[in-house]
Amino acid sequence: DQQVKQNSPSLSVQEGRISILNCDYTNSMFDYFLWYKKYPAEGPTFLISISSIKDKNEDGRFTVFLNKSAKHLSLHIVPSQPGDSAVYFCAASALYNFGNEKLTFGTGTRLTIIP
Amino acid sequence: DTAVSQTPKYLVTQMGNDKSIKCEQNLGHDTMYWYKQDSKKFLKIMFSYNNKELIINETVPNRFSPKSPDKAHLNLHINSLELGDSAVYFCASSLNYEQYFGPGTRLTVT
């Protein structure tokens, strides 16, 4: 049962344009959402996050939008740059026990920026 | 300075062997994790330790045994390796929600 889904395995975007990566979730207990970026042969790197009490969080070229009623979040990258080419993972967090959080990851979207 | 480090980066071994992967973090975080990324690139949590105490154990076979000698280390020992154990294993640590990952260990069981 995949609780976090990224339905687009890949996405190609022209350099300078906007990249939009989507993520859907099914568990209403998720209270925090994160995006990670992963280059080949490296571990995932934290990019940006959003709490369930917000609907938008911005950090430079990266903006995450959360639509709780639709159980949907998206990552916008603008303008897209060649260095943004990577696999992007959406992750959601829910309280596990003893105050610890547990992350559930989506399957990732491979973003390719075309120069 | 590497925040979360893992050794080895690559591990090739035969079925039935026992192997260990080491993980160290120098971020001062209380919580450490092991994740498995399978052939379908699905990243799934295996274990979580908080201050050397096991918090999460996600129905991982008993052949996998994590060991945390101190807050900065979480090692993964695997007994009687099977073909299906071939994957990339990531260690991570966190202070709150944001987890910081190591570079991964690619385990190949032949």
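Residues numbered from 1 in each chain as written. Chains lettered and ligands numbered in written order. Predicted model: local features only at pLDDT ≥ 70, side-chain atom pairs only at ≥ 80, totals over all residues. Heavy atoms only, no water.

Some details on the nonpolar core
Residues and elements named next belong to chain A.
Inference 1: Membership of the largest hydrophobic core comes to 24 residues, with the highest contact counts inside it found for F33, W35, L73, L75 and Y88.
Inference 2: Counting residues per element, the ones that place at least two in this core are β3 (19-25), β4 (32-38), β5 (45-51), β7 (62-67), β8 (72-77), β9 (86-97) and β11 (109-114).
Inference 3: Looking at this core element by element, the count peaks at five residues for β9.
Inference 4: Residues within four places of L73 in sequence aside, it is in contact with L21, N22, C23, Y25, F33, W35, V64, F65, L66 and C90. (Core = buried A, V, L, I, M, F, W, Y, C linked by side-chain atoms within 4.5 Å. Buried < 20%, exposed > 50% of the residue type's maximum accessible area, 1.4 Å probe, protein only. Helix = DSSP H or I, 4+ residues; strand = E, 2+ residues; numbered from the N terminus. Contact = heavy atoms within 4.5 Å.)

What to know about the pattern of salt bridges
All names here are of chain B.
Inference 1: In total, this model carries six salt bridges over all chains according to the counting rule given.
Inference 2: One salt bridge connects K71 with D30, and the closest N-O pair in it is separated by 2.9 Å. One end of the pair, K71, is in the loop between β7 (64-70) and β8 (73-78); the other, D30, is in the loop between β3 (19-25) and β4 (31-37), with 41 residues separating them in the sequence.
Inference 3: Using a relative accessible area of 28% as the deciding quantity, one classes D30 as partly exposed.
Inference 4: With a shortest N-O distance of 2.8 Å, D85 and R63 are connected by a salt bridge. Pair noted here: D85 is in the loop between β8 and β9 (87-94) and R63 is in the loop between β6 (53-57) and β7, with a separation of 22 residues, a long-range link.
Inference 5: Residue classification places R63 among the buried positions, given a relative accessible area of 15%. (Salt bridge = Lys/Arg side-chain N within 4 Å of Asp/Glu carboxyl O.)

Regarding the interface of chain B and chain A
Inference 1: Taken together, the contact between chain B and chain A spans 21 residues of the former and 24 residues of the latter.
Inference 2: Together chain B and chain A conceal approximately 1,900 Å² of surface at their shared face, both sides included; 62% is due to carbon and sulfur atoms.
Inference 3: Our enumeration of links across chain B and chain A arrives at one salt bridge.
Inference 4: As a salt-bridge pair, B:E58 and A:K102 come within 3.0 Å of each other at their nearest N and O atoms.
Inference 5: Elements supplying a minimum of two residues to the side of chain B that touches chain A: β4, β5 (43-50), β6 and β10 (99-101) of chain B.
Inference 6: When residues of the side of chain B that touches chain A are assigned to their parent elements, the largest contribution, four residues, is made by β4(B).
Inference 7: Counted by class, the side of chain B that touches chain A contains eleven nonpolar, six polar and four charged residues. (Buried area = accessible area lost by both parts, 1.4 Å probe. Nonpolar A, V, L, I, M, F, W, Y, C, P; charged D, E, K, R; others polar.)

Thoughts on the state of the cysteines
Inference 1: For the structure on display, the rule yields two disulfides over all chains.
Inference 2: Two residues share a disulfide in this structure: A:C23 and A:C90, whose sulfurs sit 2.0 Å from each other. Since a negative S-S torsion denotes a left-handed disulfide, the A:C23-A:C90 link at about -70° is left-handed. Residue A:C23 is located in strand β3, and its partner A:C90 is located in strand β9; the two are separated by 67 residues in the primary sequence.
Inference 3: A:C90 sits in the buried class, given a relative accessible area of 1%.
Inference 4: B:C23 shares a disulfide with B:C91; S-S distance 1.8 Å. Because the sign of the S-S torsion sets the handedness, a value of about -75° for the bond joining B:C23 and B:C91 places this disulfide among the left-handed ones. In this pair, B:C23 sits in strand β3 while B:C91 sits in strand β9, placing the two residues 68 residues apart along the sequence. Across the pair, exposure class does not vary: B:C23 and B:C91 are buried alike. (Disulfide = S-S within 2.5 Å.)

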